[in-house]
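Observations on the three-dimensional arrangement
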Amino acid sequence: AQSVTQPDIHITVSEGASLELRCNYSYGATPYLFWYVQSPGQGLQLLLKYFSGDTLVQGIKGFEAEFKRSQSSFNLRKPSVHWSDAAEYFCAVGTPGGGADGLTFGKGTHLIIQP
Amino acid sequence: IAGITQAPTSQILAAGRRMTLRCTQDMRHNAMYWYRQDLGLGLRLIHYSNTAGTTGKGEVPDGYSVSRANTDDFPLTLASAVPSQTSVYFCASSGDRVLFFGPGTRLTVL
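Below is a short write-up of the structure. Bear in mind that the values here come from a model prediction, so they are computed numbers and not experimental data. Counting starts from 1 at the beginning of each chain's written sequence and moves along it residue by residue. Each chain is given a letter, starting from A, and each ligand a number, starting from 1, according to the order in which they appear as written. Totals for whole chains, interfaces and linings use all residues, but because this is a predicted model, local features are given only for residues with pLDDT of at least 70 and pairs of side-chain atoms are given and counted only at 80 or more. Water and hydrogen atoms were dropped before computing side-chain values, which therefore reflect all heavy atoms in the structure.

Another point: the overall build of chain B. Within chain B, the regular secondary structure consists of zero helices and eleven strands. Each helix corresponds to a stretch of at least 4 residues labelled H or I by DSSP, and each strand to a stretch of at least 2 residues labelled E; elements are numbered beginning at the N terminus. For chain B, the succession of helices and strands along the chain, N to C, is β-β-β-β-β-β-β-β-β-β-β. The globule rule used here is 2.2 Å times the number of residues to the 0.38 power, and the radius of gyration it is set against is calculated over C-alpha atoms. Against the compact-globule benchmark of 13 Å for 110 residues, chain B has a radius of gyration of 13 Å, which places it among compact chains. Here the C-alpha coordinates of chain B stretch approximately 40 × 25 × 25 Å along the principal axes. When each of the 110 residues of chain B is scored for burial, the buried share is 51%. Working rule for contacts: check all heavy atoms of both residues, and any pair within 4.5 Å makes them a contact. Taking all contacts inside chain B whose residues are at least 6 apart in sequence as the whole, residues at least 24 apart take part in 52%. Only protein chains enter the accessibility calculation, which uses a 1.4 Å probe. A residue is then buried if its area is under 20% of the maximum for its type, exposed if over 50%, and partly exposed in between.

We now examine the pattern of salt bridges. Salt bridges are identified by distance alone: a Lys or Arg side-chain nitrogen within 4 Å of an Asp or Glu carboxyl oxygen. The final tally for this structure, using the stated rule, is seven salt bridges over all chains. Connected via shared salt-bridge partners are E64, E66 and R77 of chain A.

The next subject is the layout of surface pockets. Considering only enclosed or pocket space, the largest pocket measures out at about 670 Å³ in volume. Only protein atoms enter the calculation, which uses a 1 Å grid: trapped sets of points that fit a 1.4 Å probe without letting it out are cavities, open sets showing protein on both sides within 12 Å along at least five of seven lines are pockets, and any residue with an atom within 4 Å of a point is a lining residue. In this structure, the largest pocket is lined by 28 residues; those nearest its centre are Q38 and E88 of chain A together with Q37, D38 and L39 of chain B. Elements represented by at least two residues in the lining of the largest pocket include exactly strand 10 (87-94) and strand 12 (109-114) of chain A together with strand 4 (31-38), strand 9 (87-95) and strand 11 (105-109) of chain B. The element best represented in the lining of the largest pocket is strand 12 of chain A, accounting for three residues. A per-class count over the lining of the largest pocket returns ten nonpolar, 14 polar and four charged. When its volume is computed, the second largest pocket comes out at roughly 380 Å³. Secondary structure elements with two or more residues in the lining of the second largest pocket: strand 1 (3-5) and strand 11 (104-105) of chain A together with strand 5 (42-49) of chain B. Grid points are joined across faces, edges and corners, and a volume is the space filled by probe spheres set on the points. Only Asp, Glu, Lys and Arg are considered charged in this grouping, and only Ala, Val, Leu, Ile, Met, Phe, Trp, Tyr, Cys and Pro are considered nonpolar; every other residue, Gly among them, is considered polar.

Our next topic: the environment of S94 of chain B. Residue and element names in this part refer to chain B. Relative to the elements of secondary structure, S94 occurs in strand 9. Accessibility expressed as a relative area gives 17% for S94, which makes it buried. Linking S94 and M27, residues 67 residues apart in sequence, is a C-alpha distance of 9.3 Å. For S94, the residues in contact, after removing those within four places along its chain, are H29, A31, Y33 and L99.

This is the structure in structure tokens:
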């Protein structure tokens, strides 16, 4: 079975600074990878996804993520954060052909933006 | 297009009571899911349905049941609620291998 680890429970970043949120997965082949964002009191919104091809994927709100097979990682980045980026971020892994049982989520990283 | 709607938005429930959380989607997705979200534990899959008429168990199915009479609706029932079922519940559907989430139901069992 697949699994996802987000090593950082909380991250604090100053507004305007760069951001990297870490995600490591465990799966025997190339998985489908996702990043979701959850604002307080809201549901989860898809930021970006990787299925195959170019390992650097662009998402909404200026986010990008890079799939590194050798490191089993799919880290999320943003060059300059805004106060509105404060939220909970979830990395998730799905298996090709295994969509019927949904995704496996990491426990999330809480992003705090300092003024 | 509403996407996924859930009802109620929040509920306080006495232990031992029966409760059904409603979920409706208008995207005509075949697959639907119920997750619960708990602090420090992330999202955990309760039940899923590949298509109308079929359901399956996820990671934490005990104490919950689901039905899928048609494509649009996927209700989650707690037959006899217990305090450990206090959580935020999210319904989701899957299209093009992407999960779309509803706004959630905050349930408190006292």
